[in-house]
Structures are given as C-alpha cells and as structure tokens.
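# Report on the structure
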Amino acid sequence: MACFLGFFLSKETEDASFKNLYLHRTRGVFGLGSAICFEACAPENQKRIRRYLSSDSAHIMTYGFMDINFNKESSSIKHEAGSFCFLIPEVELDEQEEASILVVTLAWDENLCWTFEQAIQSIESSIYQASCCFWPDTESGYSKCIKSTLRNFNLMEGQTFQMACTDALFLDRRDYQADTVELRRTKFSTQFCFRLSPVVGVSSNMLDDANETSYSLQDQANINAVWASLIVEECSRLGIVYFCVAPGSRSSPLAIAASSHPLTTCISCFDERSLAFHAVGYSKGSHKPAVIITSSGTAVSNLLPAVVEASQDFVPLLLLTADRPPELLDAGANQAINQVNHFGSFVRFTFSLPAPTDNIPARMVLTTIDSAVHWATSLPFGPVHINCPFREPLDDSSDNWMLNCLKGLDIWMSGAEPFTKYIQLQNYLACKAGACVPMAEVLEIIKGTDTGLLLLGAIHTEDEIWAALLLAKHLNWPVVADILSGLRLRKLLPSLPEIEENVLFVDHLDHALLSEGVRGWIHFDVIVQIGSRITSKRVSQMVEDCFPCTYILVDNHPCRHDPSHFVTHRVQCSVRQFVDSLMQSQFSHRSNKWCFYLRVLNTMVAWDISFQINAEYSITEPHVAHVITEALSAESALFVGNSMIIRDADMYGRSCKTHAQSIAHMMLDSELPCLSIRVAGNRGASGIDGLLSTAIGFAVGCNKQVLCLVGDVSMLHDTNGLAILTQRVSRKPMRILVINNHGGAIFSLLPFADKTDPQILDRYFYTSHTISIQKLCEAHSVRHLPVKTKVELQEALLKFEHEKTDCVIEVESCIGANSTFHSTLRKSAQQAADHALSILSRLPVGVSISDGLFLYKIHKMNFSLYRIQLCAPPTSSSADHHHNEFHREGYILSVYLEDGSVGYGEVAPLEIHKENLVDVEEQLLFLLHIIKGIKIDVSLPTLKGSFTSWIWSNLGIMECSIFPSVRCGLEMAILNAIAVSQGSSFISMLQPQMINEEIYEKSSVKICALVDSNGTPNEVAYIASSLVEEGFTAIKLKVARRADPIQDAAVICKVRNEVGPCVELRVDANRKWTYEEAIQFGFLVRDCDLQYIEEPVENVDDIVKFCEETGLPAALDETIDNFQESHLNMLAKYTHPGIVAVVIKPSVIGGFEKAALIARWAQKHGKMAVVSAAFESGLGLSTYILFSYYLEQLNVVYTVMNREIRPSIAHGLGTYKWLKQDVTAIPLGIHYDPCKGFMGASVAGAIQLLKNFKVNNNVIHKTFNEEQVHRYHLTVNSKNFSYSIKVHEVGQESNVSTGTS
Ligand SMILES: Cc1ncc(C[n+]2csc(CCOP(=O)(O)OP(=O)(O)O)c2C)c(N)n1
C-alpha cells in the first residue's frame, strides 16, 4: 500500500483550472494518501480488501483508473486491459457549494507491513500535506503543493485516461473487469490530476493547454526553454506565482514558461511602466514578490518608477529582463542597451545571467533565483533584478542540448522544494521582554512617561493592526493613527464599544494644530511611532516641536526614517514583536487629565469639520474623504492615491458605526464585523504615476474588494492601468473613485498659488484639462458612473459594492471651490480648537479630574408649576380674544450641583408643541429620579453634540424620546448651573474666549416686535406705528388669518405706508395659505419691501417655488420644527437664496444645541438665524437674549471670514410684551438703545436676571421634589428562563406607581 497518492477533481464547470484550486477558488474533491489501494494483482488482495469494507461503509468512495497497470518499483504506468488502480484516500476533502466535508479513513492490517502505527503516521503526513496544500502559507507548505506533481509526469505517449469513481462496496462485490464493473465517470472528471508516485502522475486538462498532459524538463525543445522553465519552476517553488508579462520577442522563453506553468497566474500589459506598478501593488497586497518579465531595451527602463517606489517602500519584486547576448551589445544591434546595473541603488540585488548554455550546470539558474528572492524578501525588502540574455532561437523550435547539464537536479526534480533553502535565525528572540539592554531601556522610558503619544504610521497587515490596537489599549496613551495605519478609518462595532471608550484616537490632531494656542500648549515627553511614514506635515512638525523628548521609532526595516533627525531610539522589529515585549510589563496610567484635554479638543474639532462638510450642500472633496468609511466593509480594502486625496483622507476621514442590525439580519448577512480597514498607497516616492495599476495589483494581492481613490491627473498619468483592469485575473471587483477637479488641485493650496499669475498656474501647475474620463473608460469597456451630488455618490458606492463588475466613479469637482472650502475648513477647525482651549484653560484651579473626566455632579433636581397672567392670548392660541384674563403655564426646573450652585430652566409647552403639560410633567418626574448623582463634564456647554451624547450616555434617554421643551429646559438649567458654579454667565459658558464684562455692559440684542394683526388695516397700522415710536425698528405681523389674502395684503400695505421705508417688516403666514393664496398675497405686497414671509405655503415643498415665482424672500419656521432625520440633511433642501432666514424656537426644536446647529447652518449659507420665543417667561426670555447674542457673535465670525457686512438681526423676542406677570421679580432690561438706534434687550441685564434669579412664589402652584424611591431587583423564574427587572417604586404608600428600567 502506498501513501503518496494524491488526487484532485474539480467540480467547476466553467473556467476550471488547477490554478483555481490553488487559489482556493474552486470546489472539488481533494484526496491524499491511500488508506486502501485496489489494484488488479494477486487474488489474495481481494480478501484483504474485504476486511476493510463493512456494510456501513457504503458511502466511502474510491477513485482511480481502469485499464492501467501501475508499477511502483519502476514508477511507471502502462496501458493494460483489465488492470486498474483505485484508492480510498486517507484524507478526503469535499468542497461543496455551502460546506466542506473532511473524511479521514484509517486502515491497517497487522499481518502485513501496514501496521497501525504506520497507518497513523501515514495519516498524519497526509493531513499535514493537505494542510500545506490548502493553506500554502504555512511553513514550507507551498513547496509541498500537489501541483508540483504535475511537473514530473512520466506518462505513456499519446495515451488518454479517464478518471472514474465508484463507491467502495461496489468495487468489492465484483471481479474487477472493466466491462463488468459499472464505474461512474466522475461527473467532473474533465479536470483531474492523480499522483501515483513522486514522479508519476496523470492529469487531464488541468494544464493551460488542454491537450498537454505531460511535462518534463527533458521535453524542452532548447536550452533557452530549459533555463526559462527552471526559472519559473523555482519561482513557483519559492511561492512566487504571480507573473506580470510584458510582450516582446527576446523575453519569449520566459513568457512561454511562465504562462504554461500550471501554478502561475499571468497578467500582461503593453506598457511596462503600468505593468511594473501593478506588480508593486500585488506585492503590497500579498506580501509576496511578483515577477515582472520584460523584453530588452527601453522596456526595461520603463520599470524604473515602479522599482523606485518598491525600493523606497520596501516592497519585494523580482525583475526578469530579457537581454541580447553579449556579442550583440554595444554593436549597434536593435533594441540593445546596457541593462546591467540598470536600476542602480534601487535594487537590493542584481545579477546578469549568462546566455543559456548546456555548458553550465543548470543548477546555477536555480541558485541565482534562490539568492535573488532571498535578497528581495530579507530586510529591508525590495526589488531584485536578474538580467536574462537569450540567444536565438527564441521560440520553442528544437535545438539539441545536452541532458548532462541537468546533472545534480535529480533530487530537485523528484521533489517540490527550492534548490537552496535560506535559513535565518531570528535575532529578536534574544531580545525579548527586556532581556536585551536597549529594550530594557525602552521599557523603562515608557514606564516613566508622563505624557506619551502613540503615533501609528503605515501598518501593512491585519495582525499588525490588531497588535497596534492592543498596544494602544495597554499603554492608555492617546493615539494618532495615520491614514495608512488601517486604524484611521475605523468601523465602530456596537459589540466592542470599549475600543473607542478605552483608546483615545485623536483623529483630528492635524487640524487642531492649526491653532497657535494648541501648538504652544501641546507637548509630549515620549513619542512611540509604529511604522515609518506619517502623512500629516503638521503632526510631523509637532513631533519636532516636542523636542527634546524621547522619540522611539519601531519598524522592521533597518533604514533611517527620520527626516527631522530626532529619533532617539530605533527599534528594529515587527509590530507584533514590539507589542509582545511590552505586553508583559504594566504601565501606570498617569495622563488621565491630559487624555481628557485631548479628547475635548479632538471632539470639538471633529464636530466642526463634520459640520462644515455636512452643511455644504454640494459635494466636496473633503466630503468624499469624510464618508468613504461607510463604503467599506470587512471585505474591502482601500487604496489611496497621492496628492490631495491621501491628505484629505488623513485629515477628514472618520470612523463610522457599523449599523446596528437585528439578530436575524446578522445571521443572514455574510458580512463579518470589522474594526480596521486595510489601507495602502504608494508613499515610497509619492509619485502620481502608476497609481491605478498599483491599486489593481493590490486588489489581486490582498484578495479584497478594493476601493481606489485617485485624482484626475493621476488617473490620466496611468490610463494604461485601465487595460490591466479589463483583464480580470482572479480578483474581486474594484471601485475606482476619481476626483475630477480637471487638474492638479494640490497646487492651489500651496503658498505660492495666491502670488502666481492664474494663467501660469493653470498651465504649468494645475495642467488643467478637459479630457473625458468617461470616454477613456468607454474606450477600455470599463463601466463609468458620473457623480455630481452627495446622494449620487452614496448611491454609486453602494450600487457597486455588490456588483460583480469593476467601475470607475467620477466625482465632479473644481479647483477653485476646493481650495476655498479647504480654507473654510481650516479656519473653522482652528476656531474650534481655540474654543476648546479656552474652555480647558478656564477649568477652575485645583479641579481634580483624576476620577474620570467630570467636574460637576448633580445633587438633585426639582420643578415647580407656574401660572402667570398675560396681557393677551399668545398669537398661536385659539383662545377667545374677548376674554380678559389670559394665562401662561409651565415649569421652572431647578438643578442643584453638589457645590450648592443652582441653575434654572423653563419648560413651557404651548399649542405649537407636540407635547403638553401633562406629558412634560410625567417626563420631568422621571428625570427627577434618574438625574441625581449624574456627572457633568466641562465640554457640555460646547453645544457640539455634547448634550446629545450626555443625555444618551448618562441618562440613557434616546435623542428622539426626550420632549423638545423638556430638553430645552434641561439644557437651560444645566448651563445656568455651571455658570453659577464658575461664577460666570450663560453667555460665557458658550463663548469662553470672549468673556468681557465691559462689552456685555454695552451690548444689546435687537428685538423684533410682534403684532397679532387683529383689526382693520388702520388699527393694525396704528399699533405698528406706535411700536416704531417706542423705538422698534423691526416688526413681525401675523397674516393668513383673514378670509382671503387680499385683506392681509391690504393690512401690510397700510402698515408699510404708515411706518415708512426704514422699518424691517416681516410677516408670518404659519403655513396657512395654499400655494395660490400665497402667490396672490405675494404679488399684492411686492412693493412693500418685506424682509421675509415666514412659511407662506401649506406645502413646504412649494416654498422654493414660491420664492422663485414671486421673487420675494421667505423664511423657514414650522419646517424646521418638524424635521425627523438629521437636521443638516433636511436643511440641504433649503439652500436656495430666496430663503433668507430661519426662525429658531429652541423650546420647539429641542434645545440650544440643536438651535445652534441650525443657526450655524443658516449663517454658513448667508441666511439670518432668528431666535424666537414661544411666549416663555422672563427666565426663558433672558436665556434666549443671551443665546441670540451668542449667535450674533458667531455671525461676526462669518462676517470676518467672508469679508462681508451682515447687519445685526432682530430676534423674535417681542413676546415679552405679553407678560403681565412674571416668574421673577427682576425686570427684563428691554428698552430703546440710543447708541444703536433700536429696541434692544440688554445683555448685561439678562446676565443679571439669571444670576440673581429668584422664583416669585406667588405664581408657583405646585412643586415636585424627589419622592421616596424604593429600588430593588425583581427576579422572575420561569420554566425555561429567568430574568431580573430593576424596579424603582415611586410615590406614597397609598398611591404606588411602578416603573421599570
Ligand atoms: C510622477 C510624478 N510627477 C509629478 C508629481 C508632482 N505632483 C504632485 S501632485 C500632482 C498633481 C496631481 O493631480 P491629481 O492627481 O489630479 O490630484 P489633485 O491634486 O487634484 O488632488 C503632481 C503633478 C508627482 N508627485 N509624481
């Protein structure tokens, strides 16, 4: 019984080849070893066979051939009728559609030579062999690949074989005559190989050429072919199977050998430069060298750019350049140049072979390859060059050669190993865990670090990415992850929230460093950098600025990567080795405060970047970088081109949440959760050449769905990459996203751009063009999708994520707009960083944040129901105007901090709110109990998503569950409480960088009067003119309350007549008109110079149409109250210049944070952000006055940024006139401001009111304090399960209400 047998049957009906098997892309049966071998020999064999087959082995299959006689001694097979050779494999792997079945069969017979022990050993070796075949990356596994068997066939000439299979019992029952045994031709027997001994095998059309069933060195027609096939075979034995073949005649022996080898995958391109970059990409993706075969002459020179990139980025490559033999060099022969040492210092090894001859032992060819590959794959990895001269004949015409040049190759030929194996003992073993002195020193430094930074540069494998993450967690240092680290564009896993919680990624350090304050403040005493390259110049500059500090650089290559010459410790090892050596030590976590500061800084800059990008209606280049993570899954990898896109991705890329899915969804979805995204780029020499080709190679090498981002000039530089794209060699489909700004936009951001003649810039820097990328794609039959909007981009990325074809997505952009937007982003981020710094610098002295990141604790909260008298019913009310008593009800919240400070807030829903007083009371009662003991951190007043996340993470309330008026009141109370605690004011909380009591003293907020418009035109006009006399310069009139718009128009015309042209007149239709009515009104008041018409039409989709048709300005009000999804997404519909204002009622839209977001959007788009009250008391109004003032200050920033003049805006706080009574005795300071010339609310007055706020107990009807709460766990045990409910029992004994949480 022999144990070397092996076979493979492919089930592929289309495109089956042995290569597919090797690349794990085929289904089939794979067998190794023979548990039992059936041969037509002595009859006693049959008896023996029976012993192994019992009735329950009916499903065991046997595989083999009829009519062959296999002679083990001579290792040969003969055709012989009636003979056969069948086997039951020891290890059989059946790759089905959905499942893999592994069968192991053990058979032995003590009476024969096949003992139990031998059988076990044989099985072990078969399993080992199988694992090597299927996972060829395992140690030396590749060389054992069964494919090598194909190389050593020794078949009878001209004989064809048909492989068959049957179940073992069937074979056993019959006498083995071909005509009587009913053998099944295996349904997939068209492709098979069967190895009978180390040197004998049978195969069908596994080879590329279906007719070719055998191959041996002796068969080679001439010595060129012998050497070429030795080179290719040795490469394949070394695991190098990806060949990039450029056309040419001199290289034909190599091209033929590579393309006819069963193991190799070949790809070709007429352009050697693109092809070589493709090889670089493959090597980057697979971490194995690709081979490039070229003809002689400039074909070789064209490899240089890729060789330079490979050399600089430590990418292994093998260049096989065909050459003329020496006698044709320097003699005027065609296409002959000096190719020796052609790549100078950019290759790690170079050797010029002699022209093939049988005078030299062929072993020399093998040792040359072994040596070259050793150099390529030893540190520092890089390209190697073997120059290969060939004499004619270059085809496979026969030319005698002496077999004895193969002397010494017998063992090599009968095995599958490379000729020379290089063995390296890893020196790091000796240096583990501080055993070596320098590493001990590094450990000591890290242990003593106060403020450390972990800088992650380019990291190339998933394992190393995980190791880096582990290190970040272990050190608890802030992390700055470069775009090439794989951890910059993270996917946040709901199942692993602790990663983002425990590791502080300072993703936006680059933009935070735009602030001079931050640059002066930031300092690290130890920096550990993993991986050599850092994309951000500002981060690199910061590292320099930290000097003197300890700067430890870890990378496995030995080269100096220290352009600023600051590295103090250079650790040469892999990331894993470094992390392993550090994991055994414990480090104290001293820099809590430092981390907290950086977290606040990063969050604020991140918020601003996101805001600017999301609030921009049109698609921008930073937007592409910002959303790209959403288009990447566990199956994907990213290839980033050079110039702007890599910088944009590094600056504006962000992590994104993987969608929370239902269990059922998760089970059906094949997508695995992932955290990191592998990212590659050509940063060795940062060329814009060959990027497309590299990306395609990377896709082949890493076997992932690659998304490639490139600029248009880069794409045009490498359009021949499209020719490579159309050859789909065993890779997943790619998405290529080209940002077409019609030139090299990066130059517009350089300092000289402003000072250079635009024509010169255009021609010699941007190289502006109008080349159609679409037509280029068409020419190459590549799918093309143009993208002009954000939505189109999202759809295009999604659409092609699941399609099987490659595609080019072209995003339209423009150099000028891109440059302006980048500048806006930088300014805005810088302000955000300054803002963060001013918050942090105002932390009270002596505040301890060692127990976390919190400064205040809420001691308790209570709330009181107030009822105050109004002079008239609110304009929103349907109350009877003839009544003479009108009231307003609401709640005053009091939030007490542990230090005794109290802050007040108002919750007072009206008819315009969705919630009413009863709903609010219920929610406040709930809050009363859960808010006790909750901590508040200093970043809460930033109003940049801080409240939303605080409410969710501390109170456990989802954003959509808290009533808008409650949230508004809560924010008001908390901000006021912090202000009291800090001895400052609500306004200083929002803009700590601007605290200046003197300025507040002089400042006032312009107030717009509100007129209900009841009465005749004359009556209304009279009211309006009395308001003007009082000092008001802005009046809002309610309209759409009369029988038809003509009457409303008459009132407005009359008012305008009466108040004169200088008063700002606004009208508010509250969506009460049909489109036709609104148009009718609009035309009638065309000449009244209205500042805007608020919500003129009932159908909000008609508002833009209204502006266009009437040419009148409109404002949004109810529209923003009703937003369901992201505010910025919804607002994107209203960027039309006809919409000139947004009226923001904080209590209706859900608080100041949302109000600030909408106001910022409005200001960014040049619209007025008008704060409006909803008939709140003096408490709410004073907070709104300060909030309006805050928005005015933000507006000034835009005014400065855009060099435009924006007049101050009158805010909708005229409702104060309705207050006959108030919740406080302190009066609101609203009066005519003679300096400004308008009716204004004093900022200092509002500050004072809030500071000295005391509730007027006369208007309080009921106060709600914390009731007795009885907390306990209720455990419920049922038959099959048990659960526990946390119960909070609230209330009196007699009136128990129960809630669960
Ligand atoms: C081979 C090479 N030539 C020239 C350069 C200089 N260079 C850097 S960026 C750039 C323009 C790239 O334009 P594009 O690909 O459209 O990207 P964008 O600048 O628009 O982001 C050039 C010419 C380079 N890096 N590499």
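This write-up is about the structure you can find in this document.

Rules used in this analysis
- Residues numbered from 1 in each chain as written.
- Predicted model: local features only at pLDDT ≥ 70, side-chain atom pairs only at ≥ 80, totals over all residues.
- Heavy atoms only, no water.
- Helix = DSSP H or I, 4+ residues; strand = E, 2+ residues; numbered from the N terminus.
- Buried < 20%, exposed > 50% of the residue type's maximum accessible area, 1.4 Å probe, protein only.
- Contact = heavy atoms within 4.5 Å.
- Areas by Shrake-Rupley, 256 points an atom, 1.4 Å probe, with all protein chains shown as cover.
- Pairing = 2+ DSSP bridges.
- Axes fitted to C-alpha atoms, helices over the stretch in contact; angles between N-to-C directions.
- Parallel < 35°, antiparallel > 145°, perpendicular 65-115°, else oblique.
- Left-handed = near helix turned anticlockwise from the far one by under 90°.
- Nonpolar A, V, L, I, M, F, W, Y, C, P; charged D, E, K, R; others polar.
- Near = heavy atom within 4 Å.
- Polar contact = N/O pair within 3.5 Å; in protein donor to acceptor, adjacent residues only side chain to side chain.

Another aspect to go through is the overall build of the protein. For the protein, the helix and strand inventory stands at 45 helices and 46 strands. Burial statistics for the protein: of 1301 residues in total, 58% are counted as buried. The contacts of the protein with a sequence gap of at least 6 include a subset with a gap of at least 24, amounting to 77%. Accessible surface, the protein: about 53,800 Å² in total, of which carbon and sulfur atoms supply 52%.

In terms of burial, strand 6 (residues 163-167) is largely enclosed, as 5 of its 5 residues are buried. Of the two faces of strand 6, both are covered, the one formed by Met 163, Cys 165 and Asp 167 as well as the one formed by Ala 164 and Thr 166. As paired elements, strand 3 (residues 61-71) and strand 6 share 5 bridges and run antiparallel to each other. Paired with Thr 62 across the bridge in strand 6 is Thr 166.

Interhelical geometry of helix 20 (residues 592-615) versus helix 43 (residues 1152-1164) gives an angle of 55° and a closest axis separation of 10 Å. Relative to helix 43, the element helix 20 lies oblique. The hand of the helix 20/helix 43 crossing is right-handed. Contacts between helix 20 and helix 43 involve Trp 607, Asp 608, Phe 611, Gln 612 and Ala 615 on the former and, on the latter, Leu 1157, Arg 1160, Trp 1161 and Lys 1164. In the contact of helix 20 with helix 43, the residues fall into 5 nonpolar, 1 polar and 3 charged.

Looking at the secondary structure, you find Lys 857 in strand 29 (residues 856-870). C-alpha of Lys 857 to C-alpha of Ile 936: the two residues are 79 residues apart in sequence and 6.0 Å apart in space. Other than its neighbours up to four places away in sequence, Lys 857 contacts Tyr 896, Leu 897, Glu 898, Gly 933, Ile 934 and Lys 935.

The next thing to look at is the site of the ligand. Taken together, 16 residues surround the ligand, and among them Ser 643, Asp 712, Val 713, Ser 714 and Ala 745 come closest. With respect to the ligand, the backbone of Met 644 contributes an N or O atom lying 3.2 Å from an oxygen atom. The contact in question runs from an oxygen atom of the ligand to an N or O atom on the backbone of Val 713, over 2.9 Å. Looking at the shell around the ligand residue by residue, the class counts come to 6 nonpolar, 8 polar and 2 charged.

Structural measurements only, silent on function.
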